[in-house]
Amino acid sequence: MIRLLSRLKANPLECWSAEFFREPIARVKLPFTDAVLVHDPVAIKRVLLDNAGNYRKDPIQRRILSTGLADGLLSVEGERWEVQRRTLAPLFARRTVSSFTEAMLSAADRLSDRWRGFAPDEAVDVTGELTVLTLNVLALTIFSDGIGGDFDDFRSAMNAYFGSIGRIDAFDLLGVPSFVPRFGRGRLLKTMAYFENVIDEIIDVRRCRLAAHDCGAAEDLLTLLLRALDPSTGRPMSLAEVRSNILTFLSAGHETTANTLAWSTFLLSQSPEWYAKVRDEADRELAGDRNGLLERLNVTRAVVEEALRLYPPIAALSRMSEQGDTLGGVKVKPRSLIVIAPYVLHRHESLWDRPDVFDPSRFLAEAKPRIARFAYLPFGAGPRTCIGASFALQEATIVLATLVQRFDMQLLPDAEVWPVQKITLRPAHGLPMRVAPRHVN
Ligand code: HEM
């Protein structure tokens, strides 16, 4: 048990041994509960969709994510979740997301300017660089007129916050009640107080501008959040819900997308053939009309989708069964922990041809419809599927195409690349690369 806990704390990914990539369903006995590991698309459909009411988000996940996010869409349950989901849906509708294209391109421009300042042989940690980029995209799309104070302070508070919430605490895994103090909790609460101040100030200013019908008030996610009304009751969100959802979007949307971009860059650095294909497409499409850009960047998008298959940022989803059930012939007791690991599912031998090989053509025109819906779950599925999926796909595709078009990105020869799961799946030692501006003849 101690060995399992210490492995789970260091890198849960390393607990998946070879047989899990062959078995559709496996049961593991834990001291306080049963865990059922489900990697059969039919059974997954039952958990996430057909019988989703029986499988709620589990208490461990909720406890790890609770601070600051408790009133946001990621954490709420039952009727509160239903109201928030339908109120927030228009913020992530295709047309709204499409209107963020310029913000995404402008963040890519800002990163390019920074990269042009590096010496040709300088080692750059691309994961860190892309994390700053995705935070900039969210800042530009949530509060497009700035955060009022110092953005660097905000960014370092954000890093401290993610560092603390991302920690898997042995107390949480053992079910120790939440009133027992956790290591690092004091620092987290201080950071939270800072955020609440900054965000409340931004909300106040924006509310005043909207109330005064100030036509200069930006049409960004914050304005949309403040205006959002529950379509059934016409009620707006409370201040706590607006604040918690801003933090939810920042938390759920920034490291996940940064890691998608980092893994895509890593995979392309290992495949000159696909690097050239993405570059050709970028040369052809980026100079043209910005409308429908995502639909035209087919090859780049396929690379992103393949990176999400091999390195899904959310490597495991978990649920708790309320009533007993049967999954793929296996009896599930009430209060069992259900684990669906996209990392395992996406490399499952019964579902994928050459599962460990990087081959973006799986996601191109004729091949894509052959992928079973519940065999590929980077964004989850069913009612609690990721609300930001199109936002993330659009951002990753546009930014990847821009960077590949402008830079030669090469992994340092002695770089050690290994995935580690710390809430999201990221390269354990970063991604040290050379990012030289493209040599145009
Ligand atoms: C590549 C990037 C992303 C990945 C891989 C990802 C993955 C996921 C997954 C797997 C879930 C479902 C979790 C579960 O069922 O337990 C989820 C939910 C969620 N995601 Fe994302 N996400 C990404 C980007 C974003 C972005 C950009 C945003 C918002 C700006 C966002 C906001 C959310 C929210 C609010 C939920 C909760 C939805 C609900 O419970 O109704 N995500 N995400």
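Quick note: structure is the one above.
Summary of the structure given here. Every chain's residues receive numbers from 1 upward, in the order its sequence appears when written. Whole-chain, interface and lining totals are the exception, using all residues; otherwise, since this is a predicted model, local features are given only for residues with pLDDT of at least 70 and side-chain atom pairs are given and counted only at 80 or more. Based on all heavy atoms of the structure, the side-chain values leave hydrogens and waters out of the count.

1. Quick word on the coordination of the iron atom of the ligand
1) Next: Just one protein atom donates to the iron atom of the ligand; it is Cys386 (SG), sitting 2.3 Å from the metal.
2) Next: Helix and strand assignments follow DSSP, with helices taken as H or I runs no shorter than four residues and strands as E runs no shorter than two, numbered in order from the N terminus. Position of Cys386 among the secondary structure elements: in the loop between α16 (342-345) and α17 (389-406). Note that water is not among the atoms used; donors are N, O and S atoms within 2.8 Å of the metal (3.2 Å for Na, K and Ca), so sites may look incomplete.

2. So, the environment of His439
1) Next: Along the chain, His439 falls in the segment after β12 (432-437).
2) Next: Along the backbone, His439 and Glu77 are 362 residues apart, and their C-alpha atoms lie at a distance of 53 Å.

3. Digging into the packing of aromatic side chains
The geometry of an aromatic ring pair is captured by the separation of the ring centres together with the interplanar angle, meaning the angle of the planes.
1) Next: Here the aromatic set is Phe, Tyr and Trp, taking the six-membered ring for Trp, and pairing holds for ring centres within 6.5 Å; pairs whose planes are under 30 degrees apart are stacked, those over 60 apart are edge-to-face, and all others are tilted. Inspection of the entire model under this criterion finds 11 aromatic pairs.
2) Next: Measuring from ring centre to ring centre gives 5.2 Å for Trp16 and Phe20, while their planes differ by 85 degrees; the resulting arrangement is edge-to-face.
3) Next: For the pair Phe21 and Tyr343, a centre-to-centre distance of 6.3 Å together with 80 degrees between the ring planes defines the contact as edge-to-face. Of the two residues, Phe21 sits in the loop between α1 (2-10) and β1 (25-29) while Tyr343 sits in helix α16, which places them 322 residues apart along the sequence.
4) Next: Taking relative accessible area as the criterion, Phe21 reaches 14% and is therefore assigned buried. Partly exposed residues are those whose accessible area sits between 20% and 50% of the maximum for their type, while under 20% is buried and over 50% is exposed, using a 1.4 Å probe and protein chains only.

4. Things to note about the packing of helix α6 (residues 101-116) against helix α7 (residues 126-142)
1) Next: Simply put, an axis is a line fit to the C-alpha atoms, just over the touching stretch for a helix, and the angle between two N-to-C directions goes from 0 to 180 degrees. Contact geometry of α6 with α7 gives a least axis separation of 9 Å together with a crossing angle of 145 degrees. α7 is crossed by α6, and the crossing has right-handed handedness. Where α6 abuts α7, its residues Ala103, Met104, Ser106, Ala107, Ala108, Arg110, Leu111, Arg114 and Trp115 lie against Val126, Glu129, Leu130, Leu133, Asn136, Val137, Leu140 and Thr141.
2) Next: Three classes are used: nonpolar for Ala, Val, Leu, Ile, Met, Phe, Trp, Tyr, Cys and Pro, charged for Asp, Glu, Lys and Arg, and polar for all others, with Gly counted as polar. The residue makeup of the contact of α6 with α7, split by class, is 11 nonpolar, three polar and three charged. Take the far helix as the reference: if the near one is turned anticlockwise from it by less than a right angle, the crossing is left-handed, and if turned clockwise, right-handed. By definition in these notes, contact holds between two residues if any of their heavy atoms fall within 4.5 Å.

5. Here we look at the packing of α7 against helix α12 (residues 239-269)
Each pair of packed helices gets described by two things: the angle between the helix axes and the distance between those axes.
1) Next: Two elements in contact, α7 and α12, have axes whose closest approach is 8 Å; the angle formed by their N-to-C orientations is 140 degrees. Considering their axes alone, α7 and α12 lie oblique with respect to each other. Taken as a pair, α7 and α12 cross one another with a handedness that is right-handed. Facing Val126, Thr127, Leu130, Thr131, Leu133, Thr134, Leu135, Leu138 and Ile142 of α7, the residues of α12 in contact are Ile246, Phe249, Leu250, Gly253, His254, Thr257, Ala258, Asn259, Leu261, Ala262 and Thr265.
2) Next: Residue composition of the contact of α7 with α12, by class: 12 nonpolar, eight polar and no charged. Working definition: roughly parallel below 35 degrees, roughly antiparallel above 145 degrees, roughly perpendicular at 65 to 115 degrees, and oblique for all remaining angles.

6. Quick look at helix α13 (residues 272-285)
1) Next: One less than the number of residues in a helix, times 1.5 Å, gives the span that helix is expected to have. Over its 14 residues, α13 extends 20 Å from the first C-alpha to the last, a length consistent with the 20 Å expected when each residue adds 1.5 Å.
2) Next: Among the residues of α13, Trp274, Tyr275, Val278, Arg279, Glu281, Ala282 and Glu285 are the ones counted as buried. For α13, the buried positions fall inside an angular range of 165 degrees around the axis, keeping them on one side. In α13, the exposed residues that point more than 90 degrees away from the buried face are Pro272, Glu273 and Arg284.
3) Next: Of the surrounding elements, those touching the buried residues of α13 are α12, α14 (293-296), α15 (298-310), α17 and β9 (407-411). As used here, the arc is the angular range of directions from the helix axis to the C-beta atoms.

7. Describing the sheet that holds strand β5 (residues 317-321)
1) Next: Only strands that DSSP links by at least two bridges are regarded as paired with each other. The strand order β1-β2-β8-β5-β3 describes an open sheet built from five strands, whose pairing is mixed. Edge positions in the sheet fall to β1 and β3 (55-57), since each of these pairs with one other strand and no more. Neighbour-to-neighbour, the strand axes of this sheet turn through a mean angle of 30 degrees, independent of strand direction.
2) Next: The sheet contact formed by β1 and strand β2 (residues 34-38) spans five bridges and is antiparallel. Paired with Ile25 across the bridge in β2 is Val38.
3) Next: Here helix α2 (residues 41-50) sits on the sheet in contact with β1, β2, β3, β5 and β8 (337-340), set at roughly 120 degrees to β8.

8. What about the sheet that holds β9?
1) Next: Strand order in the open sheet made by the three strands is β4-β12-β9, with antiparallel pairing throughout. At either end of the open sheet lies a strand with only one pairing partner, and these are β4 (124-125) and β9.
2) Next: With two bridges joining them, β4 and β12 adopt antiparallel strand pairing. Looking at β12, one finds that Asp125 is bridged to Pro432.
3) Next: Packed onto the sheet, α17 meets β9 and β12 and runs at close to 95 degrees relative to β9.

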